[in-house]
Each structure stands twice: as C-alpha cells, then as structure tokens.
Amino acid sequence: VKIIPFESKYAEHFYLLNYDWLDEYFYVEPYDEKVLKNCKEEIIDKGGFIFFALYQSGIPGFIGGIILGLGFSAYVFAMYNTTVANANFIIQTQTIFLAIFGYIFLKEKISILTIISIILAFSGIFLMLGGSLTSGQMVGNIAAFIMPISFAVLILTVRKYPNVDMIPLQLIAGIGAIIMGYL
C-alpha cells in the first residue's frame, strides 16, 4: 500500500467515492456536494488533508489475476462438460501440481515418498476417470485440470513474490473470468 497526498488528478475519484458512500448510507446535502466538488478549495486550502491509499500489485499480480481468471472459467466450463464428481475430484489435485511446480520453479526438494505418492495419485485419477473418457467428457476433464494447475501457479506466484500486494489480482481475475465467460 502506498499512501500519497492529494493531487488534482484524483479529485474526481475523491468526489465519486465519497458521494457514493454518503448516498448509500446517509444522504447528500447541498453542502456535501459543494465540498466534494471543490475539495481542494474547501478542504486542502483551508488547512485540511486528503490522503489516498494506492494498491500496487505489478506484473506478478496481473499475471496471477489472469491465471486465476482462467482457472475460474475452466471450472465453470468443466462443470458443463463432465460430471460434477469428475470435475471436483480433479480439482483436488492442486497439491500434486503444487509439489511438482515447487520442485521445478522454486527448486524445492521432493522426497521419494512424495514422488511415489504423486505417481500413485495420478494412476488412481486415470483409473477413476477411465470410464468417463468419452470425447465429450474428456474435454470437460481436461478443462477441469486447468483449475488446479492455475491455483498451483497462483500459490507459487504468491510465494515467489511475498512483498507484492496480491489483493488486486482478485479483481483482475474476476474481470478476466467475466470476459472469458462472454466469449
């Protein structure tokens, strides 16, 4: 979070934010309207202060938001194109992908027991999904794998960049999912 003092370029944001808040929870009086529209003259020039808090997530947050939006969209697509059981079972593979990606990208150690467990888990997944590998459900099953992969990538991004504010990525993910939903 970056705290900055008032600048003229933020005057409209100040007006809209405060006007909407007053309108939602109270009511906007003519004096309120005057102060909000002329905040520099009515507040700052009279010795008052206006501060803004800016969240900056940068490139890691933007990429994380896109990846999370892709995961959201893939989940919805999977629910329409495979069984609910398959989609939700596949989503639980997130920890497997997290272990694999952690080894590849963060150079984390994986024990032999973990490697054996991953192999057994994937064998079990293919065994359970084997009966539903028709062409229609196969597309849904593949789409369902996008969600745990995207979540694993998101968690790795957060771990790799611990000092970057990742809260705004949820907004980016939501907007991305909306756009993908309309396509």
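Residues numbered from 1 in each chain as written. Predicted model: local features only at pLDDT ≥ 70, side-chain atom pairs only at ≥ 80, totals over all residues. Heavy atoms only, no water.

Engineer: Talk me through the nonpolar core; I want residue IDs and the actual numbers.
Structural biologist: Core analysis: the largest hydrophobic core is formed by 16 residues, its most contacted members being Phe-97, Phe-122, Ile-125 and Phe-145. Residue assignment for this core shows that the elements contributing at least two residues are helix H5 (84-91), helix H6 (94-105), helix H7 (112-129) and helix H8 (135-160). Broken down by element, this core gets its largest block of residues, 5 residues, from H8. Core analysis: the second largest hydrophobic core is formed by 10 residues, Ile-4, Phe-14, Tyr-15 and Leu-36 among them. (Core = buried A, V, L, I, M, F, W, Y, C linked by side-chain atoms within 4.5 Å. Buried < 20%, exposed > 50% of the residue type's maximum accessible area, 1.4 Å probe, protein only. Helix = DSSP H or I, 4+ residues; strand = E, 2+ residues; numbered from the N terminus.)

Engineer: For the packing of aromatic side chains, give the residues involved together with the corresponding values.
Structural biologist: If you walk through the whole model with that rule in mind, you get 9 aromatic pairs. Measuring from centroid to centroid gives 6.1 Å for Phe-101 and Phe-105, while their planes differ by 65°, and the two rings are edge-to-face. Taken together, the positions of Phe-101 and Phe-105, both in helix H6 and 4 residues apart, correspond to about one turn of that helix. Since its relative accessible area comes to 15%, Phe-101 is described here as buried. (Phe/Tyr/Trp six-rings, centres within 6.5 Å; stacked < 30°, edge-to-face > 60°.)

Engineer: Tell me about H6, and please be specific about residues and values.
Structural biologist: Between its first and last C-alpha atoms H6 spans 16 Å; for 12 residues at 1.5 Å apiece the expected length is 16 Å, and the two agree. Two residues or fewer past H6, Lys-107 is found with a positive phi of approximately 60°. (Expected span 1.5 Å × (residues − 1).)

Engineer: Kindly report on the packing of helix H4 (residues 58-81) against H5, identifying the contributing residues and their values.
Structural biologist: Packing of H4 against H5 brings their axes to within 7 Å, and their N-to-C directions diverge by 150°. Our pair here, H4 against H5, has a crossing hand that is right-handed. Only Val-84, Ala-87, Asn-88 and Ile-91 of H5 make contact with H4, whose side of the interface consists of Tyr-75, Ala-78 and Met-79. Looking at the contact of H4 with H5, its residues break down into 6 nonpolar, 1 polar and no charged. (Axes fitted to C-alpha atoms, helices over the stretch in contact; angles between N-to-C directions. Left-handed = near helix turned anticlockwise from the far one by under 90°. Contact = heavy atoms within 4.5 Å. Nonpolar A, V, L, I, M, F, W, Y, C, P; charged D, E, K, R; others polar.)

Engineer: Outline a nonpolar patch on the surface, supporting the account with residue identities and numerical values.
Structural biologist: Where nonpolar side chains cluster on the molecular surface, the patch consists of Ile-112, Ile-115, Ile-116, Ile-119 and Leu-120 and spans about 490 Å² of accessible area. By the element assignment, Ile-119 lies in helix H7. (Patch = residues over 30% accessible without salt bridge, like charges linked within 9 Å, V, L, I, M, F, W, Y side chains within 5 Å. Areas by Shrake-Rupley, 256 points an atom, 1.4 Å probe, with all protein chains shown as cover. Salt bridge = Lys/Arg side-chain N within 4 Å of Asp/Glu carboxyl O.)

Engineer: Now, about the environment of Gly-176: what can you tell me, with residues and values included?
Structural biologist: Positionally, Gly-176 belongs in helix H9 (residues 168-182). Residues Gly-176 and Phe-72, spaced 104 residues apart in sequence, show a C-alpha to C-alpha distance of 9.1 Å.

Engineer: Before we move on, can you summarise unusual backbone geometry with the specific residues and values?
Structural biologist: Backbone geometry at Lys-107 places phi at a positive 60°, although glycine is not the residue there. Tracing the chain through its elements places Lys-107 in the loop between H6 and H7. According to the relative accessible area criterion, Lys-107 is exposed, its value standing at 65%.

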